[in-house]
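# Per-entry structural report
The primary structure of each chain is shown beneath.
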Amino acid sequence: SSKQPVTVIGLGPMGQAMARAFLDKGYRVTVWNRTASRADALVEQGAVRAGSVEEALAASELVVLSLTDYDAVHSLLEPAARALTGRVLVNLSSDTPEKTRAGARWVAEHGGVQLSGGVTVPPSGIGNPKSYTFYSGPRSAFEAHRPTLEALTGTDYRGEDPGLAALFYQIGMVMFWTSMLSYWQAIALADANGLTAADVLPHATETMATMPNFLSFYAQRIDAGEHGGDVDRLAMGMASVEHVLHTNADAGVDTALPAAVVELFRRGMKAGHAADSFSSLVELMKKPAA
Ligand code: NDP
């Protein structure tokens, strides 16, 4: 076919979904995984099994990496570093922006190019053009390979700095993990009161659905440095989050999460923000706790 060959290294749930998406779209796919058996089903579907990491790198100019983190990437590629010359490594392994930058420098030192990525969907979202992945790194490499990468998900190129894709990914993840923990807390509270997750689902969904309005309302004010107490006051919020904490404590469920929220509000009160909006907590959160 006219499509460029691709290599996928790392066949966890994500790498498998990616290799499958390439196969489904008619790409010639070479795969490698530390635990070789994870490639079996893909080989049955037409993928080529590389006998070594070197072989996997040699098979295609474009190499997609889907490993647990950059330490795994390093331990795998270091012994095969000579084979990196002329390769474009699309590293879709998650890690910090700093690790991503160091990884990009290391690949460049070995004559390759790294495009960093942050996948925003679970494996079930791979192959869907409505899903998207953040990319960063050399624009020319991104543009050259964009059509192939779009076999996986839509693309959102953030810029040349290799850390940007990881940064945008982490911005999403800090919200994802804390939001989902807030949901588990709500379910624990419901459970203590004889309610199931299904019972509270409509209310939980409605509550989450109101969030975009809050995000855009406060984004404008925060960027303008406005934390006025005209709409909400931290002192009101303080009373509210204490009610939340006590409701959870009374129900006999774990209180680590609501207690952490109360602690942040307390620090805001101490810093003199009682009459300001609770958005003033952002100013506290811009620095490590004293
Ligand atoms: P897994 O952690 O399940 O897959 C890990 C892969 O890395 C496996 O192929 C594993 O090999 C390999 N690996 C781990 N450590 C080493 C090592 N030291 N040497 C060689 N190979 C190693 O992750 P997923 O497939 O779920 O995800 C891959 C990446 O995608 C992660 O960075 C994840 O954060 C990211 N991601 C995942 C999402 C998801 O929903 N799954 C969503 C968005 C991003 P082996 O099979 O031999 O163990």
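Described in the following lines is the structure provided in the data block. Keep in mind that this is a model prediction, so the values were computed, not measured.

### A closer look at the overall build of the chain
Each helix and strand counted, the chain has 12 helices and eight strands in total. The proportion of buried residues among the 290 residues of the chain is 39%. Within the chain, contacts between residues at least 6 apart in sequence are counted, and of these 62% link residues at least 24 apart. Within the structure as shown, the chain displays about 15,300 Å² of accessible surface, and the carbon and sulfur contribution to it stands at 59%. Averaging the locations of the 23 positively and 30 negatively charged side chains of the chain gives two centres separated by 5 Å.

### Considerations on helix H8 (residues 197–209)
For H8, spanning 13 residues, the distance from its first C-alpha to its last is 17 Å, which sits close to the expected 18 Å at 1.5 Å a residue. His203 marks the point of greatest bend in H8, at about 30 degrees.

### What about the packing of helix H5 (residues 97–109) against helix H7 (residues 163–192)?
Look at H5 against H7: their axes get within 8 Å of each other, and the N-to-C directions meet at 160 degrees. Comparing their axes, H7 and H5 come out roughly antiparallel. Considering the relative orientation of H5 and H7, their crossing is right-handed. Within the contact between the two elements, H5 uses Pro97, Thr100 and Arg101 and H7 uses Gly163, Ala166, Leu167 and Gln170.

### Considerations on the site of the ligand
The immediate surroundings of the ligand are formed by 23 residues, with Asn33, Thr35, Arg38, Leu67 and Ser94 found nearest. Residue Leu11 places a main-chain N or O atom 3.0 Å away from an oxygen atom belonging to the ligand. Between the ligand and Pro13 there is a distance of 3.2 Å, counted from an oxygen atom to a backbone nitrogen or oxygen. Listing elements by their share of the shell around the ligand, those giving two or more residues are helix H1 (13–24) and helix H4 (70–77). In terms of residues, the shell around the ligand owes the most to one element, H4, which gives three residues. Among the residues making up the shell around the ligand, the classes are represented as 12 nonpolar, nine polar and two charged.

How each quantity is defined
- Residues numbered from 1 in each chain as written.
- Predicted model: local features only at pLDDT ≥ 70, side-chain atom pairs only at ≥ 80, totals over all residues.
- Heavy atoms only, no water.
- Helix = DSSP H or I, 4+ residues; strand = E, 2+ residues; numbered from the N terminus.
- Buried < 20%, exposed > 50% of the residue type's maximum accessible area, 1.4 Å probe, protein only.
- Contact = heavy atoms within 4.5 Å.
- Areas by Shrake-Rupley, 256 points an atom, 1.4 Å probe, with all protein chains shown as cover.
- Lys, Arg positive; Asp, Glu negative; His and termini not counted.
- Charge placed at Lys NZ, Arg CZ, Asp CG, Glu CD.
- Expected span 1.5 Å × (residues − 1).
- Bend = angle between axes of the 7 residues up to and from the residue.
- Axes fitted to C-alpha atoms, helices over the stretch in contact; angles between N-to-C directions.
- Parallel < 35°, antiparallel > 145°, perpendicular 65-115°, else oblique.
- Left-handed = near helix turned anticlockwise from the far one by under 90°.
- Near = heavy atom within 4 Å.
- Polar contact = N/O pair within 3.5 Å; in protein donor to acceptor, adjacent residues only side chain to side chain.
- Nonpolar A, V, L, I, M, F, W, Y, C, P; charged D, E, K, R; others polar.

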